[in-house]
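Fold and contact review
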Amino acid sequence: MSTEKEYGLIGPFKTIPKEQIYCTHIHDRHSFGVFINGEVPHESSFSLVLLELSFVLIVTQIIRHLLKPLKQPRIISEILGGIVVGPSCLGRSKTFMTWMFPGQSAYIFRNLGSFAYIYFMFVTGVKMDLLTIKKATKKQWCIAIFGMVIPGIATLTVAMLLRNSLEGEMRKLSSIWGVGASLAITSFPVLYNIIRELNLLSSDIGRMALATSVIGDVVGINGVVAFEAAKQGEGRPLAPIGYILSILAVWITIFGGTRILMFWIIKVTPEGKPVEQFYIVSILTIVLVAAFLSDMLGVALVNGPFWLGLAVPDGPPLGATLVHKCESFIQEILMPFAFANIGLMTDVFAMTAYWSKLQPLFFVALTGYLTKLVATLFMTRFFGIPLRDGVTLSLIMGLRGEVELLLFIHWLDFQMIGIPHFTMFVLLTIVITGVATPLISMAYNPNRPYMINKRRNIQHTPPNTELRILVCFIEEESVPGMTHLLEAFNPTVHSPFMVFALHLVELVGRAAPVFIDHSEEHNDHHGKSDMDDTGTIHKAFQSIQESRSDVIKIHSFTSVAPNRSMYQDVCELALDKKSSLIILPYNTSSLRGVAGTDMIQNNVKSLNTTVLDHAPCSVAVLVDKGDFRAKVGNPRMSVASLTYHFAMLFLGGSDAREALACADRMATNPNVALTVIRFLAQNGEGEDDMEKKLDDGLVTAFWVKYEGNEKVAYREVVVRNGEETVAAIRAMNSEDYDLWIVGRKLGINPILIEGLSSWSESQELGVIGDYVASVDLGSSASVLVVQQQVLRDKETESGGLRGRISRYFSSFACF
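Residues numbered from 1 in each chain as written. Predicted model: local features only at pLDDT ≥ 70, side-chain atom pairs only at ≥ 80, totals over all residues. Heavy atoms only, no water.

The name given to the protein in an unreviewed UniProt entry is Cation/H+ exchanger domain-containing protein, with the source organism recorded as Centaurea solstitialis. The record held by UniProt for the protein lists under Subcellular location (unreviewed entry) the comment "Membrane". For the protein, the Sequence similarities (unreviewed entry) comment in UniProt is given as "Belongs to the monovalent cation:proton antiporter 2 (CPA2) transporter (TC 2.A.37) family. CHX (TC 2.A.37.4) subfamily." (UniProt positions renumbered as here; feature names shortened; annotations may be inferred.)

Laid out in C-alpha cells, this is it:
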C-alpha cells in the first residue's frame, strides 16, 4: 500500500498521511476534585467537557443579551458563540486551544453535535403536520413552487456559466444540483423556530409561511434524495436509480411500521393518562436506529430521524409527550455542542486568504438568495397580497438556520467544499438571517389589523339591537361563572345576544396552530383526538341556547395556539365577528388560600394582559370566586328565579363609563338589584374637565332612567385620597353583594387612588379591581373589571415604517 495514501478522520478536518498518524493519551479517568489533587480541568475528560460546554453557553448567552436590542433570533447568537470559541476568534490563541480544546476535544463535540441534530430533526418531524399540505390553498402551493423553481433555475444557470471557475468537486453536476436545491428550499425547522420567536405563529403571515415551508420541504426532500443518489452513483449510470429505489423501499417500510406502532401506543394509553415511560424510551431508541440506517445507506444522518418524527401523530398524547420531554434538553444542552462544532470548523482567516477562488460560489449563493426573495414577492403581488405583507413573507422565506448548517457539514463530508467555502456559507447564513429578522419585525406588525377607529363597545351599542359577545375560557371551572354572567346581562327578544364561545388550548406537540369552527367540524376532524374535553365544555354553552333559543345564539370555536400568541386568535375572532365585548376569565384557583398566595396562572395572566392591550373592542375580566355561580344548582342557568345584588364603583373615565353601561344592561334584569357608588374628589381636585363632562352626562342619564326604580340605588361619596376610597369600599362590604363592577383604569382621577398603586399587584385588574378582588377586602363577591375599547389609528399607533425604525434604534440606544 502506498505511503502517500491519505486517510480522512472526520469530514471537515484535514486529511493526513498515514505515516504521520501517531497515538496520543486519551483521558480515561474522572477527576475527584481537580484543584484538591493538584490537577487542571483539561487533564480530566469529564471535567473538560463540562468546562467547554459551560464556556460555550456563557459566551452564547452574553452575545444573545448584547444582540437582544437588534431583534436577532436565538440561532444567530448561538452560531456567533461557536465562532467566538473557534479559530476565527479565541481559537487563534494556541494557549487557549491547548487549555480549552486539547487533543481530540473537537472529536467529542462533533459526535455530540451529531446527536443533537438527530434528535432536533426528530422532534421537528414530530411537530410537523403533513396534513397541512392537504389543506394548503392554491395560493400557498403557487408561492411555494414558484419560490423554489425560479431560484433553482437561476442558481443552476449562474453555476453553469461559472462552472469553469469553480473548483474540483463543485464543478460536477451533482454538486451544482445539491447547492442549487438547498438555496431554493426554505426549511420548516428553521422557519418555525424563528417565527415562534417573533410571535407570528398565529398571524396570517405566520400561518401562510408555515404551510408554504411544509410544501417546500416535502418537495425538496426529492431534490435532496436525488443529490445523494447522484453523489453515490457517480460514474455508474444506473446506480442512482437503484440507490433511490432502495432508499424508498427502506423508508416506506420503516415509516409504515413505525406509524402502526405509534397508533398502537396511543390505543393502549388510557384516555387522559400520560404515555408510559417505557414507550417513550423505546421510541427514542428507534430514533438512533433510524440514524444508523441513514448513515449506512449513505444519506444525511438526520434523514431517518426526521422521517421517523413525521410518522409520530402530532399533538397529545404521544407527540405532545415526546416534545415536552425532549425539546428543552435538546435545545439547551445538546444543540450548543452542534453550534460549537460549527464554530470550530469556521475560520474567517482561511476564507480571506482564499477569497479570489470563493467569488464564483459566492455569486451562485447570492443569486439563489436574491431570486428567492424576488420570486416570492412577485407571487404575493400576483395574488393581491398587500405589499407590506408580501415583503414580510419574502423575508421569512429567505431565513436560514440549523438545516442549512447541517447541509454545509454534509458537503464537507462529500469533499464538495473546503473550510474556506464552509466559512463563507456560515457567514452568509448569519448575514441573511441576521438582516431579515429585524426587517420582518419592522415591516410587519401582527397587531395592526386590530387597530380600528369604529366604535365597538357596550356604551355605544343601541339597546334594541343584537349584542355580540366573545366569551373565552381555558379551563372548565370558568364556564359556569361565564354562563351566569351572560344571563345577568339580560338578553331579550328586542336585544338578543350572539355569543361566540372560544375554548383556548395551549399548543403542545405540534408546530402549526389550529383553529376549529365547531359548526363545521363534520367537515374537518383535525385535532379532535387531543381535545376530547372540548365538546363537553361547549355543551354547557349549547344548553343555554336550548333553554333560551329565542334570545341567545351560540357559536363554538376552539383555538390551539402557543400561550404567547393566543391573544391573536381572540382579537382576530372578535374583529371578524364584530364583537362589542370580550369576556376573559381570571384564574382564582388559589383565591381561597392564605393571603399572599399567588392567585394567577402565568398563561392566563399573559393572555388577559395582551388581549387588554390589543383588543378591537371592549374587554371584561371576570374574577369568579364561586359564590356568584353557587346560588344556581342547575347548570342550565336559572338566574331568572333568583335575586342578585350588584355593586358598581364609578371612579370616572372611559372604563368606568363602559362599566356603567354594562351595569345599566344588568339593571334591566328584574332579578338584579344594583347599587351605583360614584366617587368624587373633594373640591374637584385633580379632575379632567372633559372627562368630568362625559361622566356627568352618562351618570345623569342613568339616574334619570332609574329614578323611580326601587331596585336601583345611586349614591355619591366625596374622598380626599386613596385611603378614604378604600375606607368607603370597606364600609360598603358590609352589605351582601354578589358582584362588584368596576372600570379598569383609563380616566380615573389620580386623587381617588393616591397611595394605592404601590401595593397593587394585578395590572390586568387595575388598582380598584385588584383591591376588591383581593383577600384583603374579605368579600366573597365576584368581580367584573371592564375596559372600554381603545380607538387606535393604524398609522398613528404603528408610526409607519419610518416610526418603527426610529423606535427600534432608540431602544438600542437606550440599551
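**Looking at the overall build of the protein**
Counting secondary structure elements, the protein contains 29 helices and 13 strands. Every one of the 815 residues in the protein was classed for burial, and the buried ones make up 54%. Partitioning the contacts of the protein with sequence separation of at least 6, the portion at a separation of at least 24 is 80%. (Helix = DSSP H or I, 4+ residues; strand = E, 2+ residues; numbered from the N terminus. Buried < 20%, exposed > 50% of the residue type's maximum accessible area, 1.4 Å probe, protein only. Contact = heavy atoms within 4.5 Å.)

**Details of a nonpolar patch on the surface**
A surface patch of nonpolar side chains, amounting to about 440 Å² of accessible area, comprises Trp141, Ile145, Val149, Ile150, Ile153 and Val219. The element contributing the most residues to the nonpolar patch is helix 6 (residues 138-161), with 5 residues. The topology assignment puts Trp141 in helix 6. (Patch = residues over 30% accessible without salt bridge, like charges linked within 9 Å, V, L, I, M, F, W, Y side chains within 5 Å. Areas by Shrake-Rupley, 256 points an atom, 1.4 Å probe, with all protein chains shown as cover. Salt bridge = Lys/Arg side-chain N within 4 Å of Asp/Glu carboxyl O.)

**What about the confidence of the model for the protein?**
Per-chain confidence: the protein averages 78 in pLDDT, with 80% of residues scoring 70 or above. The low-confidence segment residues 1-13 (pLDDT under 50) makes 24 contacts with residues lying over four places distant or belonging to another chain. Per-residue pLDDT stays below 50 along residues 233-239; that stretch engages in 5 contacts with residues further than four places along the chain or on separate chains. (pLDDT = per-residue confidence, 0-100.)

**A closer look at the nonpolar core**
Phe122, Leu318, Ile396, Ile417, Phe422 and Val426 are the most contacted members of the largest nonpolar core, which has 99 residues in total. A total of 11 residues in this core trace back to one element, the largest contributor, which is helix 13 (residues 318-345). If you look at the next biggest cluster of nonpolar residues, it comprises 57 residues, including Met566, Ala574, Cys617 and Leu765. (Core = buried A, V, L, I, M, F, W, Y, C linked by side-chain atoms within 4.5 Å.)

**Here we look at helix 4 (residues 105-127)**
Taking 1.5 Å of rise per residue, 23 residues should cover 33 Å, and helix 4 covers 33 Å from first to last C-alpha, within 8% of that figure. Within helix 4, 17 of the 23 residues are buried, leaving the element largely enclosed by the surrounding structure. (Expected span 1.5 Å × (residues − 1).)

**Overview of empty space enclosed by the protein**
All chains considered together, the criterion is met by 4 cavities of 30 Å³ or more. Taken as a whole, the largest cavity spans an internal volume of roughly 70 Å³. If one sorts the elements of the lining of the largest cavity by residue count, helix 4 sits on top with 4 residues. (1 Å grid on protein atoms, 1.4 Å probe; cavity = no way out; pocket = protein on both sides within 12 Å on 5 of 7 lines; lining within 4 Å. Points joined across faces, edges and corners; volume = space filled by probe spheres on them.)

**What about the pattern of salt bridges?**
It is possible for side chains of opposite charge to pair when their charged atoms get near one another. Under the counting rule described, the total for this entry stands at 15 salt bridges. Via salt bridges that share partners, Arg74, Glu78 and Glu332 belong to a single interconnected network.

**A few points about the pairing of strand 8 (residues 618-623)**
Within strand 8, 6 of the 6 residues are buried, leaving the element largely enclosed by the surrounding structure. Burial along strand 8 is two-sided: Ser618, Ala620 and Leu622 and Val619, Val621 and Val623, pointing in opposite directions, are all buried. As paired elements, strand 7 (residues 581-585) and strand 8 share 5 bridges and run parallel to each other. Bridged to Ile582 within strand 8 is Val619. In this sheet, strand 13 (residues 782-787) lies alongside strand 8 in antiparallel orientation, the contact comprising 5 bridges. Each bridged residue has a counterpart across the sheet, and for Val621 the counterpart in strand 13 is Val785. (Pairing = 2+ DSSP bridges.)

**Things to note about the packing of aromatic side chains**
Following the criterion strictly, the structure yields 16 aromatic pairs and no others. Where Phe188 meets Tyr192, the ring centres are 6.1 Å apart and the plane angle is 15°; that geometry is what we call stacked. One end of the pair, Phe188, and the other, Tyr192, are both in helix 8 (residues 188-197), 4 residues apart, so they sit about a helical turn from each other. Accessibility expressed as a relative area gives 6% for Tyr192, which makes it buried. Here Phe408 and Trp411 contribute two aromatic rings whose centre-to-centre distance is 5.5 Å and whose plane-to-plane angle is 50°, an arrangement assigned as tilted. Linking Phe408 with Trp411, this pair stays in helix 17 (residues 402-413), spanning 3 residues, or about one helical turn. Accessibility expressed as a relative area gives 4% for Phe408, which makes it buried. Aromatic ring contacts, followed pair by pair, group Trp264, Phe278 and Tyr279 into a single cluster. The ring of Phe349 has Arg92 lying over it, and the distance from NZ or CZ to the ring centre is 3.9 Å. (Phe/Tyr/Trp six-rings, centres within 6.5 Å; stacked < 30°, edge-to-face > 60°. Lys NZ or Arg CZ within 6 Å of the ring centre and 35° of its normal.)

**Topic: the sheet that holds strand 8**
Overall, mixed pairing links the 11 strands, which are arranged 5-6-4-3-7-8-13-12-9-10-11 in an open sheet. Lying at the two open borders of the sheet, with one neighbouring strand each, are strand 5 (514-517) and strand 11 (712-719). Adjacent strand axes in the sheet meet at a mean angle of 20°, parallel and antiparallel pairs treated alike. On the sheet, helix 25 (residues 689-705) packs against strand 9 (644-650), strand 10 (672-681) and strand 11 and is oriented at approximately 150° with respect to strand 10. (Axes fitted to C-alpha atoms, helices over the stretch in contact; angles between N-to-C directions.)

**Thoughts on the pairing of strand 9**
For strand 9, a buried count of 6 out of 7 residues is recorded, marking the element as mostly surrounded by other parts of the structure. Of the strand pairs in this sheet, strand 9 and strand 10 are connected by 7 bridges, and their pairing is parallel. Paired with Tyr644 across the bridge in strand 10 is Val672. In terms of handedness, the path from strand 9 via helix 24 (residues 654-667) over to strand 10 forms a crossover that is right-handed. Pairing of strand 9 with strand 12 (residues 739-743), which is carried by 4 bridges, proceeds in the parallel orientation. Bridge pairing links Leu649 to Val742 in strand 12. (Right-handed = clockwise from strand over helix to strand, strands pointing away.)

**As for the state of the cysteines**
By definition, a disulfide is the covalent link that joins the sulfur atoms of two cysteine residues. Under the definition given, this model contains 0 disulfides. Cys571 forms no disulfide, and the closest cysteine sulfur to it belongs to Cys617, at a distance of 7.8 Å. (Disulfide = S-S within 2.5 Å.)

**Points about the environment of Pro360**
Here Pro360 lies in helix 15 (residues 355-382). Spatially, the C-alpha atoms of Pro360 and Asn164 are 9.4 Å apart, while their sequence positions differ by 196 residues. Those residues in contact with Pro360 that sit more than four places away from it in its chain are Leu162, Ser165 and Leu166.

**Describing the side chain of Asn749**
Take Asn749: it is sitting in the loop between strand 12 and helix 27 (766-773). Excluding anything up to four places from it in sequence, Asn749 contacts Leu651, Ala681, Glu685, Gly686 and Glu687.

**With respect to the packing of helix 4 against helix 17**
Following both chains from N to C, one finds helix 4 and helix 17 inclined at 130°, their axes separated by 12 Å at the closest point. With respect to each other, helix 4 and helix 17 are oriented oblique. Helix 4 and helix 17 meet at a crossing whose hand is left-handed. Along the contact surface, helix 4 presents Arg110, Tyr117, Phe120 and Met121, while helix 17 presents Glu402, Val403, Leu405, Leu406, Ile409 and Asp413. Tallied by class, residues from the contact of helix 4 with helix 17 come to 7 nonpolar, no polar and 3 charged. (Parallel < 35°, antiparallel > 145°, perpendicular 65-115°, else oblique. Left-handed = near helix turned anticlockwise from the far one by under 90°. Nonpolar A, V, L, I, M, F, W, Y, C, P; charged D, E, K, R; others polar.)

**Here's the deal with the packing of helix 4 against helix 12 (residues 303-311)**
Axis separation between helix 4 and helix 12 bottoms out at 6 Å; the angle between their running directions is 25°. When the interaxial angle is binned, helix 4 and helix 12 end up roughly parallel. Helix-helix and strand crossings are classified by hand; for helix 4 and helix 12 the assignment is right-handed. Along its contact with helix 4, which presents Ile118, Met121, Phe122, Thr124, Gly125 and Val126, the element helix 12 presents Pro305, Phe306, Leu308, Gly309 and Leu310. Tallied by class, the residues present in the contact of helix 4 with helix 12 amount to 8 nonpolar, 3 polar and no charged.

**Considering unusual backbone geometry**
Unlike most non-glycine residues, Lys578 shows phi in positive territory, near 55°. With relative accessibility at 53%, the residue Lys578 sits in the exposed group. Positive phi values are uncommon outside glycine, yet Asn683 reaches one of about 60°. By secondary structure assignment, the location of Asn683 is in the loop between strand 10 and helix 25. For Asn683, a relative accessible area of 79% corresponds to the exposed category.

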